[in-house]
Structures are given as C-alpha cells and as structure tokens.
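Residues per chain, in single letters:
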Amino acid sequence: MVLFEESQKLNPVITGLMVVMSIFFLLFILLLLLLRLIQNPFSIAVLLVLSGLNVVLTVCILLIRLKTIITRDTIEFAYFPIPNRKRLSLSSIESVRKRGFPELHQTHGNEGSTIRLQRYDGGTAWYMDKTDGIEIVTNDGRGYFLGSHKVEELLAAIQFTKGR
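Given the structure is predicted, the values throughout are model-derived calculations rather than measurements. (Residues numbered from 1 in each chain as written. Predicted model: local features only at pLDDT ≥ 70, side-chain atom pairs only at ≥ 80, totals over all residues. Heavy atoms only, no water.)

Re the confidence of the model for the protein
Counting all residues, the mean pLDDT for the protein is 83, and 86% of those residues have values of 70 or more. Considering each helix and strand of the protein separately, the mean pLDDT is smallest for helix α3 (residues 101-108), with a value of 51, and largest for strand β2 (residues 65-71), with 92. (pLDDT = per-residue confidence, 0-100. Helix = DSSP H or I, 4+ residues; strand = E, 2+ residues; numbered from the N terminus.)

Laid out in structure tokens, this is it:
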C-alpha cells in the first residue's frame, strides 16, 4: 500500500532551453552536411555520432524524474530512467527531520546544478531543482537528504509509519 508518492521533474525552463539548444546543434550539423563544408568521411561519421549522442542526451533529460515512494515498510527513491535505486526499511531509520536546501547547499559548497546525487557532510543528497527536503539518518549512521516539493507530506508519511 503506497502512503506517499512523488515524481519530480526538471524545471520546464531548463528542459526547454536544452531542447532548443539541441535543435540548433542538429540544424548546424545538417547545414554543414548540406553545404558540403565537411567532406572527410571520418569527420562526417564523427558529426553523425555527435548528433546521435545529442538526441539521446536530450531524450534522457526530458525523461529524468526523481521518484519517491513510501509504503508501510519502506521508503524508496530513485532517478528514473537511471538504474540507481535506494530502498530503506522504515525500521532502519533512526531519525528524520525537515532540512532546507540552502543549509545543505552551504554545507557542501556546490554552487548548484539541477540534478544531484552527491555527498554532503551527513551522507548522500538526492534532489532536483534545489528543493527543500528531509534528512534521514539510519541506525548504522548513514545519512540521506531527499529533496521534495511536498516536504510536509513526505515527513508526515514517514512519521505516521514510524509511529505505528
């Protein structure tokens, strides 16, 4: 039974800019090929490979999500479609508290990209778009910062399941 579920996307402005840049890059390569400014077969192959990588990267950026799911027994968070998933048993959680992103930002000194899975002084940070979130500390001392646009609901769901 799912008690809480959230799927966070990248900021639409950022994804829109990425798509526009990708289209301009593809149009530039197409122009180079149509005007026959590049005739070396190796250079043409390199441009085609770069075009393919550009398309793949753009699709991945459009699809990426930070999914958080809380059930009666577990909390699970993962960047979709990247195959990295973290599942914690709620019984293994020692403490959970609300923590603002700016505090985390100052702690690890990153001037901020949009998607992050990185280390900070208390453990591993999972977030999108510099959102506030919660900090989870497990019984073995590992820490996780989990960014959320629904911080109060997320905290309430964990505290509800811990209190049962």
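After presenting the structure, the write-up continues.
Points about helix α2 (residues 41-63)
The α-helix advances 3.6 residues per turn, and as a result positions three or four apart in sequence lie on the same side. For α2, built from 23 residues, the straight-helix expectation of 33 Å at 1.5 Å per residue is met to within 8% by its first-to-last C-alpha distance of 33 Å. Within α2, burial applies to L47, S51, N54, T58 and I61. Buried residues along α2 sit against α1 (12-34). At the N-terminal boundary of α2, the capping side chain belongs to N40, with an oxygen 2.9 Å from the backbone nitrogen of F42. (Expected span 1.5 Å × (residues − 1). Buried < 20%, exposed > 50% of the residue type's maximum accessible area, 1.4 Å probe, protein only. Contact = heavy atoms within 4.5 Å. Polar contact = N/O pair within 3.5 Å; in protein donor to acceptor, adjacent residues only side chain to side chain.)

Re the packing of α1 against α2
Following both chains from N to C, one finds α1 and α2 inclined at 165 degrees, their axes separated by 10 Å at the closest point. Put simply, α1 runs roughly antiparallel to α2. The hand of the α1/α2 crossing is left-handed. Contacts between α1 and α2 involve T15, M18, V19, S22, F25, L26, I29, L32 and L33 on the former and, on the latter, I44, L47, L48, L50, S51, N54, V55, T58, I61 and L62. Broken down by class, the residue content of the contact of α1 with α2 amounts to 14 nonpolar, five polar and no charged. (Axes fitted to C-alpha atoms, helices over the stretch in contact; angles between N-to-C directions. Parallel < 35°, antiparallel > 145°, perpendicular 65-115°, else oblique. Left-handed = near helix turned anticlockwise from the far one by under 90°. Nonpolar A, V, L, I, M, F, W, Y, C, P; charged D, E, K, R; others polar.)

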